[in-house]
Every structure is written in structure tokens, then in C-alpha cells.
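Reading the structure
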Amino acid sequence: MEVTINPTVLVVNCGSSSLKFAIVDPASGEQYLTGLAEALGLPEANISWRFGDAEKQKDSLASGADHTAALTYLEEHILEGKPELMKSFIAVGHRVVSGGELFTHPTLITDEVVKGIEQCIPLAPLHNPAHLLGIAAARRLFADLPHVAIFDTAFHQTMPAKAFMYPLPNELYKDHAIRRYGAHGTSHYYVTCEAAKLLGKPLSETNIITAHLGNGGSVSAIKNGKCVDTSMGLTPLEGIVMGTRCGDIDPSIVFFLIDTLGYSVEDVRNTLNKKSGLLGLSGKTSDFRGVIEGLEQGDEQCKLAFDIYCYRLAKYIASYYVAVGKVDALIFTGGIGENSMPMRSTVLKLLEGFGFVEDEAGNAAARFGNSGLITKAGSTKSFVIPTNEELVIAQGSAEFAK
Ligand code: ADP
């Protein structure tokens, strides 16, 4: 007897040497399959996957296997003998980091749209070219399905000019589109919708501040369900302290590094993107768990990295009271936001002046995928909400199902 499965979306998220995939039911959010191909283009290319809660499986791919090879492996090997899953596809959803000012909604991918994503490469030079590889491969392999692009920047396109413009000469925006775009939009959007449900409010009346804290991280100000400010800028380098990225610094540091210390432009790019943030401050690790371990063992640099991370994050959150006005709740999400109780506790204490009072038991319980209220009754509310970007991509893509 053939098993029937609800309609699903194949969600594809390509990095330069990786391809994450998931088969998601857009109605229930159930993930039938999740997987990751890594080291693409290298001799050690490999792929791992898991059906639902079943055990993880792994295989090596041919040396130098590319994005097409990874998707072919998915179709021919992983989904072999699972015709019901193959038949359940109604669309393929592609995560795209930057849609610049061109794309504000989920968009059906045509040759014209591919050109638009190419145009946005200067805004996401590491990501958009990789997405285009995945899109080309998937359009070839799954030619009968609608392919949909879901842009990380789209949710932030509602920001007003006072939030998205830099105080630079006007023509840099007019002629070169230099402005703030933000990132992690699908995650900020997802937790905004979930927060509205937890608050029992319509989305259009939901006023919150969302902190997506992973290896990269950003804070967004949401007024009446719409993004009115966000901490990432032209690129994901601006904003809070991140794993290896510096976030906000005085731009003159760049001149100092070049003029006084003899750095090349490439050295500067590398330092600010890959050697700064938690890694630079701790001198040890970009991983938040590693910072916490160091701190617990009395490492002074890890303690300072933690303190600066929390202090700068709290300052961003406080500044977004200007953007939002009356705040219903503060939301934590992403690997650090969902799991680090000490970080949340420290940030809530720094924000005491805004009426936040931590509920220690609630804060301790909210980890490993649990959502929950982490503040006491009478406090300004703060929730942990595990993010689900795959579901947003699946739902946005399902709108274009045949
Ligand atoms: P990405 O931005 O790559 O998607 P994630 O959202 O998975 O990253 O977040 C990764 C970060 O979450 C890492 O810094 C990791 O140390 C941190 N993290 C994961 N689990 C915990 C935990 N239990 N406590 C503290 N930090 C954690």
C-alpha cells in the first residue's frame, strides 16, 4: 500500500561549498527529511541526512562533487524507493540572502529573477553566487516544479528611509544603492508571527524587538507587525558582536589599519569578518558555548567577550525603544538566543530600566527547542522562540504551487 503524504516543499539553502535541504509540509511544519551536503568542490565532499527522527545517515560524494551532484544524489539515492515523497513536492523554495531593493516578497524564479539575484551579488558576494548555483541545478533537476526565491532581506524592506539611509553623500544611495538592507529576515518574520500568537494580538498590532543570535546575529524593531529597523546594514558586518564579525566599529579603524599598520584591503576584510567578534575578543573561539566554558573556568578574555557581547546587544535593544515606542515583548532566537540562559539573564538585567524582570525558572526551562516566557508576571515580557526559517520558506513557496 502506498503511503500518502501531504503536499511538501523541497527547501534548498546553498552556501559556496554546502547545500542544506529539507522536505517540509508547509501546512503542519513537519520536516520529513533534513540534510546537508558539505565540502562541495573538495575531495572530501560528503552528504548527511535524516528522515524525521530516524538515525542520521552519511555518505561520501565523488571527489569535487558540486551542487548539481548533491541534488542528484538526493533525487537518485536518498529518495530512491520513496515515490510518495517525490510525488508530494509542490514547489522548490530557495533561500536567497540578498534581494537588495528589487525583491520584497517570495518570488517565482524566472530567467529575469535570476538576473535580479545576479545584480544583488555585490550586496552578498559570498552567498548570492552560491544560491545561483543551487537554483540552476535544482531548476534543471526538478524542471516541472515552480521554483521560488525567499529573500533574507525582504522582511526589512518596510524600514523607513530614516532607518535605512546612511548619513553619507546622497548620490551614494541614489547611484549605487548604498543603504542598510538587514539580514535574517525570514527568522525575524517567523518569530514575529509566533510572538503575536503568544501575545494573543493580531500581527498588525504586535510591537516587539527580536534578537536573532546565531554565528551571525541581528536585532530588529517590529512595529505593528512590520520591520522598522534592524541592526545589519549594507552587509551582515554591521550591528551587534558576532562569532567572527566585529559589528559596529568606528570606520576610521579601517584607515588606521591600512595607513598605519600597512594592512591590505583584503587583510582588513578578513580581520573584520573572520577574526573579530567573539573569536577576536576571546582569542580562542567564535563559538558561544566555548566562550561560556572559558568564562566558567576563569578565563578573563572569555569573560570580557561575554560582557561586551551582552552589553552591546542590550544597548541595541534599548535603542529600539525609539523605533518601536511601546514594546510588547523582547524575543530571543537563534542558537545562542534559544540556548544561552546566562546571556539572556545578563541582558535582561542590563535592561532592568525598561521593566524587565527575569523569571529564573522560566529562563532555565527555555532551551533545547523549548519556547517560553522568561520574565516574571508584571515584568515587560520576554520570550524565547525557536526559529524555523525552513517553514517560512516552505510557506512562501507553497503560494506558487501549481
Ligand atoms: P548559524 O548562524 O550558523 O545558523 P546557530 O543559530 O546554529 O548558527 O547558532 C550557533 C551558535 O549557537 C554558536 O555560537 C553556538 O555556540 C551557540 N549555541 C548552541 N547551543 C548553545 C548552548 N547550549 N549554549 C550556548 N550557546 C549555544
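Refer to the structure printed above.
As the structure is a prediction and not an experimental result, all values here were calculated from the model.

1. Examining the sheet that holds strand E8 (residues 147-151)
- Taking strand neighbours across the sheet as the criterion, the 8 strands line up as E5-E4-E3-E2-E1-E6-E8-E7 in an open arrangement whose pairing is mixed. The sheet is open, and its two borders are formed by strand E5 (57-60) and strand E7 (107-108), each paired with just one other strand.
- In this fold helix H1 (residues 67-78) packs onto strand E1 (8-14), strand E2 (19-24), strand E3 (31-38), strand E4 (46-51) and E5, with an angle of close to 40° to the strand it touches most, E4.

2. Concerning the side chain of asparagine 207
- Its place among the elements puts asparagine 207 in the loop between helix H7 (185-199) and strand E9 (208-213).
- Here the side chain of asparagine 207 touches asparagine 224 through a polar contact of 2.7 Å, landing on its backbone nitrogen.
- For asparagine 207, the contacting residues outside a window of four places in its chain are Ile222, Lys223, Asn224, Val324, Lys326, Val327, Asp328 and Ala329.

3. As for unusual backbone geometry
- Positive phi is not limited to glycine here, since histidine 184 has a value of about 60°.
- Along the polypeptide, histidine 184 turns up in the loop between helix H6 (170-176) and H7.
- Within the chain, asparagine 224 stands out as a residue other than glycine whose phi angle is a positive 50°.
- Mapped onto the fold, asparagine 224 is located in the loop between strand E10 (217-223) and strand E11 (226-230).
- By relative accessible area, which is 41% here, asparagine 224 ends up partly exposed.

4. Re the layout of surface pockets
- Each pocket or cavity is described by its volume, and for the second largest pocket that value is around 510 Å³.
- Residue lining of the second largest pocket: 20 residues in total, with Thr104, His105, Pro106, Phe155 and Tyr189 positioned closest to the centre.
- For the lining of the second largest pocket, the elements supplying multiple residues, two or more each, are E8, H7, E11 and helix H16 (389-398).
- A per-class count over the lining of the second largest pocket returns 9 nonpolar, 9 polar and 2 charged.

5. Some thoughts on the pattern of salt bridges
- Tallied over the full model, the rule gives 13 salt bridges.
- Among the salt bridges present, the one from glutamate 112 reaches lysine 115, with a minimum N-O distance of 4.0 Å. Here glutamate 112 and its partner lysine 115 are both found in helix H3 (residues 111-119), 3 residues apart, which amounts to about one turn of the helix.
- Look at lysine 115 and you get partly exposed, because its relative accessible area is 47%.

6. Points about the packing of aromatic side chains
- On inspection of all chains with the given rule, the structure shows 9 aromatic pairs.
- Taking 5.7 Å as the distance between ring centres and 50° as the angle between the ring planes, the aromatic pair formed by phenylalanine 164 and tyrosine 173 counts as tilted.
- Here phenylalanine 164 falls in the buried class, since its relative accessible area comes to 11%.
- Residue tyrosine 173 is classed as partly exposed on the basis of its relative accessible area of 22%.
- Their ring planes at 35° and their centres at 4.4 Å tell us that tyrosine 321 and phenylalanine 354 sit as a pair that is tilted.

Scoring rules and cut-offs
Residues numbered from 1 in each chain as written. Predicted model: local features only at pLDDT ≥ 70, side-chain atom pairs only at ≥ 80, totals over all residues. Heavy atoms only, no water. Pairing = 2+ DSSP bridges. Helix = DSSP H or I, 4+ residues; strand = E, 2+ residues; numbered from the N terminus. Contact = heavy atoms within 4.5 Å. Axes fitted to C-alpha atoms, helices over the stretch in contact; angles between N-to-C directions. Polar contact = N/O pair within 3.5 Å; in protein donor to acceptor, adjacent residues only side chain to side chain. Buried < 20%, exposed > 50% of the residue type's maximum accessible area, 1.4 Å probe, protein only. 1 Å grid on protein atoms, 1.4 Å probe; cavity = no way out; pocket = protein on both sides within 12 Å on 5 of 7 lines; lining within 4 Å. Points joined across faces, edges and corners; volume = space filled by probe spheres on them. Nonpolar A, V, L, I, M, F, W, Y, C, P; charged D, E, K, R; others polar. Salt bridge = Lys/Arg side-chain N within 4 Å of Asp/Glu carboxyl O. Phe/Tyr/Trp six-rings, centres within 6.5 Å; stacked < 30°, edge-to-face > 60°.

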